[in-house]
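Residue strings, one per chain:
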Amino acid sequence: MKYRYIEFTDKTAVSSKGRKRGWLFCAGKPDPELIAELELEPEKSGYDGSVVGYTTTLQNMGEKGWELQFVTPCGVNFSERGGMAGPIENSYIFRKTEG
């Protein structure tokens, strides 16, 4: 059996609002075939509208045959006063079995 893995994050630590909205953001730059396979949505920069990453949802990943393997904390959103400003950012690792 062959396994493929992909990592997403919810980007909570980098968001000024620190809220989870159900979107997952691809860690790294996926190749065009993976973007098409997963029907990833482009994430655009607020400055010039250029594509800065790709997003999806847990539901979409399941529908595409990817299994959530584990979720692990990967960041914290700190306030200007030094305390936590929101929820913990998580990393989501998915696996797909082939062959």
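This text gives an overview of the structure that appears in the document. This is a predicted model, so every value here is computed, not measured.

Quick word on the environment of Asn90
Thinking step 1. When you line up the elements, Asn90 lands in strand β6 (residues 89–98).
Thinking step 2. For the pair formed by Asn90 and Lys11, sequence separation is 79 residues and the distance between their alpha carbons is 7.6 Å.
Thinking step 3. When near neighbours in sequence (up to four residues on either side) are disregarded, Asn90 contacts Phe8, Thr9, Asp10, Lys20, Val71, Thr72, Pro73 and Cys74.

Concerning the sheet that holds strand β3 (residues 41–44)
Sheets are built from strands that pair by backbone hydrogen bonding, the pairs being arranged parallel or antiparallel.
Thinking step 1. One open sheet accounts for six strands, arranged β3-β4-β2-β1-β6-β5; its pairing is antiparallel. Looking along the sheet, the strands with just one partner apiece sit at the ends: β3 and β5 (67–75). Strand after strand, the sheet turns through a mean of 40 degrees between neighbouring axes, direction not considered.
Thinking step 2. Of the strand pairs in this sheet, strand β1 (residues 2–9) and strand β2 (residues 24–26) are connected by two bridges, and their pairing is antiparallel. Within β2, the position partnered with Thr9 by the bridge is Phe25.

Comments concerning the nonpolar core
Thinking step 1. Judged by nonpolar contacts, the single largest core of 13 residues is most densely connected at Ile6, Phe8, Leu38, Leu40, Met61, Trp66 and Phe94.
Thinking step 2. The dominant element in this core, judged by the number of residues it contributes, is helix α1 (residues 32–38), at three residues.
Thinking step 3. Each residue touching Phe8, except ones within four places of it in the same chain, is listed here: Leu24, Phe25, Cys26, Ala27, Leu38, Leu40, Thr56, Met61, Asn90, Ser91, Tyr92 and Phe94.

Some words on the pattern of salt bridges
Opposite charge on two side chains permits them to pair, given that their charged atoms come into close proximity.
Thinking step 1. Scanning the entire structure with this criterion turns up five salt bridges.
Thinking step 2. The partner of Glu37 in a salt bridge is Lys96, with the nearest N and O atoms 3.3 Å apart. Within this pair, whereas Glu37 is found in helix α1, its partner Lys96 is found in strand β6, the two being separated by 59 residues in sequence.
Thinking step 3. Among the residues examined, Lys96 registers a relative accessible area of 18% and is labelled buried.
Thinking step 4. For Lys64, the salt bridge goes to Glu39, with nearest N and O atoms at 3.1 Å. You can see Lys64 sitting in the loop between α2 (58–63) and β5 and its partner Glu39 sitting in the loop between α1 and β3, a full 25 residues away along the chain.

Conventions we followed
Residues numbered from 1 in each chain as written. Predicted model: local features only at pLDDT ≥ 70, side-chain atom pairs only at ≥ 80, totals over all residues. Heavy atoms only, no water. Helix = DSSP H or I, 4+ residues; strand = E, 2+ residues; numbered from the N terminus. Contact = heavy atoms within 4.5 Å. Pairing = 2+ DSSP bridges. Axes fitted to C-alpha atoms, helices over the stretch in contact; angles between N-to-C directions. Core = buried A, V, L, I, M, F, W, Y, C linked by side-chain atoms within 4.5 Å. Buried < 20%, exposed > 50% of the residue type's maximum accessible area, 1.4 Å probe, protein only. Salt bridge = Lys/Arg side-chain N within 4 Å of Asp/Glu carboxyl O.

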